[in-house]
Amino acid sequence: MKKNLLRNIALVSMGTMLISILSGCSNTESNGTSDCNKKLEKEFELLSSEAELNSLLSRGDEGIVDWELSREIAQLQLDSFIEDGDYPESSELWQLPIGIYNKDGEIRYYEFRIIYEGEVIAAIAINAQESLGGPVAYVFSMSGYYDSLMELYKNGSLNENEIPRIIDNVYPNYVIASSEIKKSGDISFDKLLSPENGEVVEDVDTLISTEEFLQENPDLLTEEEKTEKIEEITNYKEESADFWKTAKEYKGNLGGFMFRGKSKNARKEVDSKNIKKAINESRSKLNRVQGSKPISYGACGATSSGFILDYLDAIDKDVSKWSDINDYDERISALRKALSIANGSNITWPCNLSGAVSEYSDYKVKSSSFWPKTSINNNIPGISLRSLKLTSWEDLSGGFHYRNVIAYKEEGWGIFKWDYIKILDGNNCDSGWEAYNPLWHISSYNVVKK
């Protein structure tokens with residue numbers, strides 16, 4: 001592939017830097033700071049640059065969010081989470097974000113790192129295109145990409161002449177790309193690599209929009225549910241457009257605008273002690289490896305339903321039918337049967353989601369277009385469904401992803417209000433806070449008494 005001047009400059013700088021990075025922690029700078037203490041700076045040099053971020057705006061692409069404006073938004077969000085006690089008071093944002101791209105080279109998120117005592121502890125992802133919805137996409141714990149990148153360099157999957165970039169693989173899941181940055185600022189990718197083992201990834205998973213989902217699956221929601229969802233999407237798009245218009249007008253003083261008018265802050269979480277008890281008791285009962293996540297029962301519908309039953313069993317022993325199943329494989333079989341999951345498939349159709357909870361407890365799962373507020377207010381986790389690209393109609397792989405929801409947060413200023421849900425995913429696809437965005441969320445489910 002033709003190497004232009006911008007690429008060559010980047011590669012010379014990267015090659016020099018990689019020699020230092022890969023040589024270990026023995027070298028010491030003149031000010032006494034070791035290379036290891038600059039791990040974060042070097043990761044950013046590999047994955048981002050201010051020139052690259054600025055080029056997104058200079059190209060004039062319609063609807064690209066100014067990264068400096070996105071930093072103001074991220075700071076407001078961090079302040080809010082610090083006030084709620086999620087992060088230490090001295091937590092800070094890193095100055096520059098990492099750009100998260102889709103497989104076509106289009107910017108999708110600005111990922112700002114939350115730093116505490118020199119370590120990365122979390123990230124705030126801001127939507128980098130106005131069409132993706134409101135300002136904040138995700139707030140989640142993470143430690144960065146440095147270790148994965150270094151492993152790829154060490155095992156030869158990447159070399160010093162390749163520029164790595166982070167690619168959305170149903171973010172926060174990701175793959176690492178070897179990229180070419182053109183003089184225009186456009187980015188193209190030579191190959192996609194798994195961050196776990198460095199193997200080439202042929203294709204990435206993608207979200208499809210709620211509107212696409214409804215077009216492809218016209219019979220999965222009732223007419224009433226579809227009407228409610230379309231109305232919700234329409235209102236959300238209008239509010240998002242109003243927000244971005246106003247935010248751009250107040251760039252540089254967004255905080256001053258935001259805190260005009262009455263604040264709209266509310267937060268409710270399922271008791272963390274109950275969640276921990278449910279995870280520990282179910283793992284102990286089934287002799288599973290200890291961990292902080294719910295047990296995976298395979299299919300996401302089974303995993304999210306299984307955690308509801310594990311939770312109810314831990315706080316209410318009247319869930320006797322579930323308590324009687326003491327074998328892991330038997331629980332998987334019971335869940336698949338109750339959810340009508342076909343052989344050779346992992347899909348739970350929305351109309352069948354209530355099957356397992358109703359079969360093995362005195363509760364039921366009730367559909368709701370919005371986040372599962374009723375369930376959480378009653379101190380019981382809910383479920384949220386978002387849609388993925390359906391990879392095969394033959395074996396019905398992909399297409400749906402159910403996750404447990406354990407908290408919600410409402411906040412906003414003036415006429416604007418944004419809602420967040422906290423995900424706990426036993427299948428390790430999603431965890432942490434994410435903005436409730438009806439452009440991608442298909443439906444939510446409250447767990448209520450029969």
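Residues numbered from 1 in each chain as written. Predicted model: local features only at pLDDT ≥ 70, side-chain atom pairs only at ≥ 80, totals over all residues. Heavy atoms only, no water.

## Comments concerning the overall build of the protein
In plain terms, the rule: Strands are runs of DSSP state E lasting at least two residues, helices are runs of H or I lasting at least four, and both sets are numbered from the N terminus onward. Note on classification: 1.4 Å probe, protein chains only; a residue is buried when its accessible area is under 20% of the maximum for its type, exposed when over 50%, partly exposed between these limits. Contacts between residues were defined by any pair of non-hydrogen atoms, one from each residue, lying within 4.5 Å.
Helix and strand counts for the protein come out as 14 helices and 15 strands. Going through the 450 residues of the protein one by one, you find that 54% of them count as buried. Taking contacts inside the protein between residues at least 6 apart in sequence as the whole, the part at least 24 apart equals 63%.

## Focus on the pairing of strand 4 (residues 119-127)
Along any regular strand, the residues point their side chains to alternate faces of the sheet. What counts, and what does not: Strands are treated as partners if at least two bridges between them are detected by DSSP.
Burial analysis of strand 4 places seven of its nine residues in the buried class, the great majority of the element. In the sheet, strand 3 (residues 107-116) pairs with strand 4 via eight bridges, with the strands oriented antiparallel. Counted as the bridge partner of Y110 is I126 from strand 4. Count of turn residues in the strand 3/strand 4 antiparallel hairpin: two residues, of which E117 carries a positive phi of about 50°. Both strand 4 and strand 5 (residues 136-141) contribute to a ladder of five bridges, which runs antiparallel. The residue bridging I126 from the neighbouring strand is V136, located in strand 5.

## Quick look at unusual backbone geometry
Here Y171 and P172 are connected by a cis peptide whose omega angle stands at 15°. Looking at the secondary structure, you find P172 in the loop between strand 6 (163-168) and strand 7 (174-181). Its identity is not glycine, yet E117 carries a phi of approximately 50°, on the positive side. Along the polypeptide, E117 turns up in the loop between strand 3 and strand 4. With a relative accessible area of 66%, E117 lands in the exposed category. Despite not being glycine, N287 has its phi angle at roughly 55°, a positive value.

## Looking at the packing of aromatic side chains
Formally: A pair of aromatic rings is counted whenever rings of Phe, Tyr or Trp (Trp by its six-membered ring) have centres within 6.5 Å, and the orientation is called stacked for planes under 30 degrees apart, edge-to-face for over 60 and tilted otherwise.
Scanning all chains against the criterion turns up 18 aromatic pairs. Between Y236 and W418, the aromatic rings sit 6.4 Å apart at their centres with planes inclined by 85°, giving edge-to-face as the arrangement. Here the residue Y236 occupies a position in helix 7 (residues 223-249), and W418 occupies one in strand 13 (residues 416-424), the gap between them amounting to 182 residues. Exposure class is identical for Y236 and W418. Each is buried. Measuring from centroid to centroid gives 6.4 Å for F370 and W371, while their planes differ by 85°, and the two rings are edge-to-face.

## Considerations on the environment of S272
Tracing the backbone through its elements, the reader meets S272 in helix 9 (residues 272-285). Looking at S272, the relative accessible area reads 53%, which means it is exposed. On a C-alpha basis, the gap between S272 and I406 in space is 8.8 Å, while along the polypeptide they are 134 residues apart.

## Considering the packing of helix 9 against helix 10 (residues 300-315)
For the record, the criterion: Lines fitted to the C-alpha atoms define the axes, with helices restricted to the stretch that makes contact. Angles between their N-to-C directions range from 0 to 180 degrees. Should an angle lie under 35 degrees it is considered roughly parallel, over 145 roughly antiparallel, and from 65 to 115 roughly perpendicular; all remaining angles are considered oblique. Lys, Arg, Asp and Glu make up the charged group, whereas Ala, Val, Leu, Ile, Met, Phe, Trp, Tyr, Cys and Pro make up the nonpolar group; the residues left over, Gly among them, are polar.
Where helix 9 contacts helix 10, the axes come no closer than 8 Å and their chain directions differ by 100°. The angle between the axes of helix 9 and helix 10 places the two elements in the roughly perpendicular class. For the pair helix 9 and helix 10, the contacting residues are N274, I275, K277, A278, I279, E281, S282 and K285 in the first and F307, D310, Y311, D313, A314 and I315 in the second. By residue class, the composition of the contact of helix 9 with helix 10 is seven nonpolar, two polar and five charged.

## Some thoughts on the nonpolar core
Going by this rule: Take the buried residues of types Ala, Val, Leu, Ile, Met, Phe, Trp, Tyr and Cys, join any two whose side-chain atoms come within 4.5 Å, and each joined set is a nonpolar core.
In terms of nonpolar packing, the biggest core is built from 54 residues, with I275, Y297, W322 and Y402 touching the most fellow members. Among the elements that make up this core, the one with the highest residue count is helix 10 (eight residues). Dropping the residues within four chain positions of it, Y402 is found in contact with C300, G301, S304, T348, W349, P350, L353, I383, S384, L385 and Y445. L132, V136, L192 and W440 belong to the second largest nonpolar core, which has 52 residues in total.

## Quick word on the pattern of salt bridges
The criterion, for reference: When a carboxyl oxygen of Asp or Glu is within 4 Å of a side-chain nitrogen of Lys or Arg, the pair counts as a salt bridge.
In this structure the tally under the stated criterion is 23 salt bridges. A salt bridge links D84 to K409; the shortest N-O distance between them is 2.2 Å. Placement of the pair is D84 in the loop between helix 4 (67-83) and strand 1 (92-93) and K409 in strand 12 (residues 397-413), with a sequence separation of 325 residues. Note on K409: relative accessible area 4%, which makes it buried. Between R403 and E434 there is a salt bridge whose closest N-O contact spans 2.9 Å. Taken together, the residues span a long stretch of sequence, with R403 in strand 12 and E434 in strand 14 (residues 431-435) at a distance of 31 residues.

## Looking at the side chain of S91
Going by this rule: Nitrogen and oxygen atoms within 3.5 Å of one another constitute a polar contact, given that in protein one can donate a hydrogen and the other can accept it, and given that sequence-neighbouring residues count only through two side-chain atoms.
Mapped onto the elements of the fold, S91 is located in the loop between helix 4 and strand 1. The exposure class of S91 is buried, given its relative accessible area of 7%. One polar contact links the side chain of S91 to the main-chain carbonyl oxygen of P88, over a distance of 2.8 Å. Leaving out residues up to four positions away in the same chain, S91 has contacts with L78, I82, I114, I115, Y116 and I121.

## Considerations on helix 4
What counts is decided by this rule: Take the residue count of a helix, subtract one, and multiply by 1.5 Å to get its expected span.
Taking 1.5 Å per residue, 17 residues should reach 24 Å; helix 4 reaches 24 Å between its end C-alpha atoms and fits that length. Extensive coverage of helix 4 is indicated by the burial of 12 of its 17 residues. Among all positions in helix 4, only W67, L69, S70, R71, I73, A74, L76, Q77, L78, S80, F81 and I82 are buried. The N-cap residue of helix 4 is D66: its side-chain oxygen and the backbone nitrogen of E68 are 2.8 Å apart. With its phi angle positive at about 90°, G85 sits one or two positions after the end of helix 4.

## Some details on the side chain of S384
Within the fold, S384 resides in strand 11 (residues 382-392). When neighbours within four sequence positions are excluded, S384 is seen to be in contact with H401, Y402, R403, V405, I421, H441, S443 and S444.

## Observations concerning helix 7
Relative to the 39 Å expected for 27 residues at 1.5 Å per residue, helix 7 spans 40 Å between its end C-alpha atoms, a close match to the ideal helical length. Among the residues making up helix 7, those that are buried are K226, K229, E232, I233, Y236, S240, F243, W244, T246 and A247.

## Regarding the confidence of the model for the protein
Short version of the rule: Each residue carries a pLDDT value, the predictor's own confidence for that position, ranging from 0 to 100.
Averaged over the protein, the pLDDT score is 84; the fraction of residues at 70 or greater is 85%. Counted against residues more than four places away or in other chains, residues 1-37, with its pLDDT under 50, gives 57 contacts. This stretch, residues 392-397, has a pLDDT under 50; its non-local contacts, to residues over four places away or in other chains, come to 12 contacts.

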